[in-house]
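For reference, the chains in residue letters:
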Amino acid sequence: MRWGHHLPRASWGSGFGRALQPPDERIPFLIHWSWPLQGERPLGPPRAFIRHHGNLADSASRFGRHGWLFPSASATEPIQRYRWNLAEWFSRLPREERQFGPTFALDTVHVDPVIRESTPDELLRPPAELALEHQPPQAGLPPLALSQLFNPDASGRRVQTVVLYGTVGTGKSTLVRKMVLDWCYGRLPAFELLIPFSCEDLSSLGPAPVSLCQLVAQRYMPLKEVLPLMAAAGSHLLFVLHGLERLNLDFRLAGTGLCSDPEQPEEPAAIIVNLLRKYMLPEASILVTTRPSAIGRIPSKYVGRYGEICGFSDTNLQKLYFQLRLNQPDRGCGSGVSAAPAQRDNLVQMLSRNLEGHHQITAACFLPSYCWLVCATLHFLHAPTPAGQTLTSIYTSFLRLNFSGETLDSTDASNLSLMAYAARTMGKLAYEGVSSRKTYFSEEDVCGCLEAGIKTEEEFQLLHIFRRDALRFFLAPCVEPGRAGTFVFTVPAMQEYLAALYIVLGLRKTTLQKVGKEVAELVGRVGEDVSLVLGIMAKLLPLRALPLLFNLIKVVPRVFGRMVGKSREAVAQAMVLEMFREEDYYNDDVLDQMGASILGVEGPRRHPDEPPEDEVFELFPIFMGGLLSAHNRAVLAQLGCPIKNLDALENAQAIKKKLGKLGRQVLPPSELLDHLFFHYEFQNQRFSAEVLSSLCQLNLAGVRMTPVKCTVVASVLGSGRHALDEVNLASCQLDPAGLRTLMPVFLRARKLGLQLNSLGPEACKDLRDLLLHDQCQITTLRLSNNPLMAAGVALLMEGLAGNTSVTHLSLLHTGLGDEGLELLAAQLDRNRQLQELNVAYNGAGDTAALALARAAREHPSLELLHLYFNELSSEGRQVLRDLGGAAEGGARVVVSLTEGTAVSEYWSVILSEVQRNLNSWDRARVQRHLELLLRDLEDSRGATLNPWRKAQLLRVEGEVRGLLEQLGGSGS
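Analysis parameters
- Residues numbered from 1 in each chain as written.
- Predicted model: local features only at pLDDT ≥ 70, side-chain atom pairs only at ≥ 80, totals over all residues.
- Heavy atoms only, no water.
- UniProt positions renumbered as here; feature names shortened; annotations may be inferred.
- Helix = DSSP H or I, 4+ residues; strand = E, 2+ residues; numbered from the N terminus.
- Buried < 20%, exposed > 50% of the residue type's maximum accessible area, 1.4 Å probe, protein only.
- Areas by Shrake-Rupley, 256 points an atom, 1.4 Å probe, with all protein chains shown as cover.
- Pairing = 2+ DSSP bridges.
- Right-handed = clockwise from strand over helix to strand, strands pointing away.
- Axes fitted to C-alpha atoms, helices over the stretch in contact; angles between N-to-C directions.
- Salt bridge = Lys/Arg side-chain N within 4 Å of Asp/Glu carboxyl O.
- Expected span 1.5 Å × (residues − 1).
- Polar contact = N/O pair within 3.5 Å; in protein donor to acceptor, adjacent residues only side chain to side chain.
- Patch = residues over 30% accessible without salt bridge, like charges linked within 9 Å, V, L, I, M, F, W, Y side chains within 5 Å.
- Phe/Tyr/Trp six-rings, centres within 6.5 Å; stacked < 30°, edge-to-face > 60°.
- Lys NZ or Arg CZ within 6 Å of the ring centre and 35° of its normal.
- Parallel < 35°, antiparallel > 145°, perpendicular 65-115°, else oblique.
- Left-handed = near helix turned anticlockwise from the far one by under 90°.
- Contact = heavy atoms within 4.5 Å.
- Nonpolar A, V, L, I, M, F, W, Y, C, P; charged D, E, K, R; others polar.

- Labelled according to an unreviewed UniProt entry, the protein chain appears under the name NLR family member X1, originating from Mandrillus leucophaeus.
- Turning to the protein chain, the UniProt record has this under Sequence similarities (unreviewed entry): "Belongs to the NLRP family."

## Section: the overall build of the protein chain
- Tallying secondary structure elements over the protein chain gives 37 helices and 21 strands in all.
- Looking at the protein chain residue by residue over its 972 residues, the buried ones come to 56%.
- In the structure as shown, the protein chain presents an accessible area of about 40700 Å², 53% of it carried by carbon and sulfur atoms.

## Things to note about the pairing of strand β6 (residues 193–198)
- Most of β6 sits inside the fold, with 6 of its 6 residues counted as buried.
- The side-chain alternation of β6 yields two buried faces, one formed by Leu-193, Ile-195 and Phe-197 and the other by Leu-194, Pro-196 and Ser-198.

## A short note on the pairing of strand β8 (residues 285–290)
- A large share of β8 lies buried, amounting to 6 of its 6 residues.
- Of the two faces of β8, the one lined by Ser-285, Leu-287 and Thr-289 and the one lined by Ile-286, Val-288 and Thr-290 are each fully buried.
- With 5 bridges connecting them, strand β5 (residues 161–165) and β8 associate as parallel partners. Bridging from a neighbouring strand, Val-162 pairs with Leu-287 of β8.
- Of the strand pairs in this sheet, strand β7 (residues 237–242) and β8 are connected by 5 bridges, and their pairing is parallel. Residue pairing for β8: Val-240 is matched across the bridge by Leu-287.
- Note on the crossover from β7 through helix α8 (residues 268–276) to β8: the handedness is right-handed.

## Observations concerning the sheet that holds strand β12 (residues 697–699)
- The strand order across the open sheet formed by 8 strands is β12-β13-β14-β15-β16-β17-β18-β19, and the pairing between neighbours is parallel. Each of the sheet's edge strands pairs with one partner strand only, and the pair in question is β12 and β19 (892–894). The sheet shows a mean angle of 10° between the axes of neighbouring strands, direction not considered.
- As paired elements, strand β13 (residues 724–728) and strand β14 (residues 749–753) share 4 bridges and run parallel to each other. Within β14, the position partnered with Leu-724 by the bridge is Ala-749.

## Some points on the pattern of salt bridges
- A complete count under the given rule lists 39 salt bridges for this structure.
- Notably, a salt bridge pairs Asp-469 with Arg-291, separated by 2.8 Å at the nearest N-O pair. With Asp-469 in helix α16 (residues 457–469) and Arg-291 in the loop between β8 and β9 (305–309), this residue pair connects regions lying 178 residues apart in the sequence.
- Across the salt bridge formed by Asp-769 and Arg-768, the nearest N and O atoms sit 3.5 Å from each other.
- With relative accessibility at 41%, the residue Asp-769 sits in the partly exposed group.
- One salt-bridge network, in which partners are shared between bridges, spans Asp-112, Lys-178, Asp-182 and Arg-187.

## What to know about helix α9 (residues 315–326)
- Here α9 is 12 residues long and its end C-alpha atoms lie 16 Å apart, about the 16 Å a rise of 1.5 Å per residue gives.
- The buried count for α9 comes to 9 of 12 residues, which makes it a mostly enclosed element.
- Capping of α9 at its N-terminal end is provided by Asp-314; its side-chain oxygen lies 3.1 Å from the backbone amide nitrogen of Asn-316.

## Some thoughts on the sheet that holds β8
- Taken in spatial order, the 7 strands line up as β4-β3-β9-β5-β8-β7-β6 in an open sheet, and their pairing is mixed. Across the chains shown, the open sheet's two edge strands, defined by having one partner strand only, are β4 (143–144) and β6.
- Strand direction decides the pairing type here: β6 and β7, joined by 6 bridges, are parallel. Looking at the pairing, Phe-197 lines up with Leu-241 of β7.

## Notes on a nonpolar patch on the surface
- On the surface, Leu-253, Leu-258 and Tyr-279 cluster together into a nonpolar patch covering about 310 Å² of accessible area.
- Residue position: Tyr-279 is located in the loop between α8 and β8.

## Side note on the packing of aromatic side chains
- All chains considered together, the criterion is met by 29 aromatic pairs.
- With centroids separated by 4.4 Å and ring planes inclined at 70°, the aromatic side chains of Tyr-841 and Trp-921 adopt a geometry described as edge-to-face. With Tyr-841 in the loop between β17 (836–838) and α33 (846–858) and Trp-921 in the loop between α35 (907–916) and α36 (923–943), the pair connects residues that are 80 residues apart, well separated along the chain. For the pair Tyr-841 and Trp-921, a shared accessibility class is recorded, and that class is buried.
- Ring-pair connections join several aromatic residues into one group, and the members of that group are Tyr-370, Trp-372, Phe-398, Phe-403, Tyr-421, Phe-466, Phe-473 and Phe-474.
- When the ring centre of Tyr-440 is taken as reference, the NZ or CZ atom of Arg-483 above it lies at 3.7 Å.

## Examining the packing of helix α32 (residues 817–827) against α33
- The contact between α32 and α33 brings their axes to 8 Å, and the two run at 20°. In terms of their interaxial angle, α32 and α33 are classed as roughly parallel. The handedness of the crossing between α32 and α33 comes out as left-handed. Contacts between α32 and α33 involve Asp-818, Leu-821, Glu-822, Leu-824 and Ala-825 from the former and Ala-848, Ala-849, Ala-851, Leu-852 and Ala-855 from the latter.
- Across the contact of α32 with α33, the residue classes break down as 8 nonpolar, no polar and 2 charged.

This is how it looks when you write it as structure tokens:
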């Protein structure tokens, strides 16, 4: 890998003047408009649109200075009520936007997409086979701003009808939403009344006759009182028709008769045709948005201006979008935790540098919808994750918000879902790329998948529409050197998502399966009749073979069922093998890989002449698990891609069977996290509990534990019942928030390693709560190499005072100093179970060390106290040695590599600790301590006559000298 909840778009309903629905209910087409997959901005210097925060009365007063066509108070009040309702409706946030924080508002800022004026001659020009390249604007046709759409044309003629077209994801919906909000807040003084219509809503009405006045009154009740004045508004009345591709329009007089009366009932399509003909309300202005394939449904003589929505063709627009969205304050998700401003600034800077490098992400963010996907992915990776949100659900929701309710061709009787067609064609291309381990595709590869199985004229027509409207959404031209003429998926993870979708939908079938299914269905249809006939013949004729044939007919469906089961097992086997590929064992986890593909990789890049690295598709099996979750299956069903419950269950059983065999092996930390991430995406606790029941050690040492990774581990392992022998989170960059998230996992651990995490006194509050929890079963707690300080140890001692499980505690190199050791000496007797305490390398002097050693000697259970590498004098070390051997019983005190004239039995423990931390400790300080230990060894060797002891001392001296040479010392 390089570089959920359905909100249908049906009708607005007749209750527009009544109380608004809660945002999670069936909010229709307007919510699709209010979804910011598409930012907007005209070409030129970056311009942000800031929301007007005044009230609508102020807007109306400013607007009134231009003159009203509805001057009476009886008309003004309904218009104002209509403005307020429209603004509230269009400002509603879908659930996916609420992940960006409670104060985030879509109308706070906007970035306008580039709108390029085009001519009818351009529209009639036949498109290229793979029209993926963005065509530059022609000379003499400058980009248009929203305020210029209805300006007179080049010949000075008035423009009444504007058609804006763009492929999926270019920003049509957000552009219309911005225009509506602009009008609501008084920023479109040219129009005194704006009436938006959803063509999807109008198409759902069918052929039932209805008048234009009825359509308006049913959807916008406050306007019912001013409908008689609508005809007098002239060009100051603006109709917005969004999604014209959903309507079947017939401009022939034989198909749609003329009608100029707004109160005359007609079919909805006939009303739209007469509005566009300028036969009904001829002075009104009309704005139409549509996909490119439906432009020809309106004869060009009825259109005053065409505008192509070109998305973010300038990287400055992309950077402005990311700055506005990623720098939103208060992005916490109800947990009281939000990304720090410094972290947000760092993300924006890294992303800007990657865009400036003109990498593949720049080509992807040409579509504003993918800019939203990048922001949502970064938020998922770096901010606290909302409950239940997964990476798969982000991609599924992303597709829903672009394709929900979209059919490939409204004139086609099959009414085929656009997403279902994409899953069949683009999914096939994606899966062939994953199976052959490639991400670059030639034009022949793309055409081969698009044209596979096409035989009829209707199928070719559907393919033509898909190429014009949606192909650019999935594929982009490759911009890497030496890859000219090839194509890649717009973002790398989309290839793996579509490949997984292709598999779980059952679209990948072998020839044997296709033939077997057809035979089984045929036998199933005629089996009962044939069986009845054979039964009668068997009674009348002495044919012994008939009963055998009768039983064979019954067996055929079972054989096909077993064939399908074997196919599922083969898919599960391939998925598990992809997940546990040994070639991927020592790369980053998939979450870090996703972050690197978006933000870029810091440091030198691979030389073009070097052999290419093997492509990695670790997200493919993870997406397969995620797509089988109940939430994603429900959303996919709304997209026209249903996955049956029985199929999902059988796929899950096949995956569990294969995971049970291969999932018991010990995995490197990054691969173990990928395994846990698969279970997190699957969202099935029972499944995960059964598969992970054999997991005894959780070793994630060295994995950077971001908020989302902590959430993943806690969600998957926090609800398990069996204890974990060891949880190793050394050098994971954990913070107090991560500790709180992982608390359920810590409660299952017997040994807990939190070394090298920069945990300070604040984290000790959470550790104290962990130790005082009634379900805590930790016996060994390693906190070495964390700046706990004396304040942190005070909190730890409060936890240890009420804890009955901890027997081994390591506080090696935690900055305790004299104060910390004295505090330990004073409160050590509050715990009665501790057996080993390591406070080495803490900068403590003779007095504090001696006080702790005496307290340890009096402790009823303490057996071992580590005090080496502290700032002890020769006399202090000797006193501590004497104290350790003064009487029977009590704790042994380890201060050096020697005990008298013999080698300490803990010498290997001390030197291994030094070797493990050689690169993280102060080298000069460690060198000084090693030289003192070396002097002790030499003194002990000179004081003994025992040859065996001399040999042991010489061996340890050699180990110490080797460490000194690594540090740059003489070792002599």
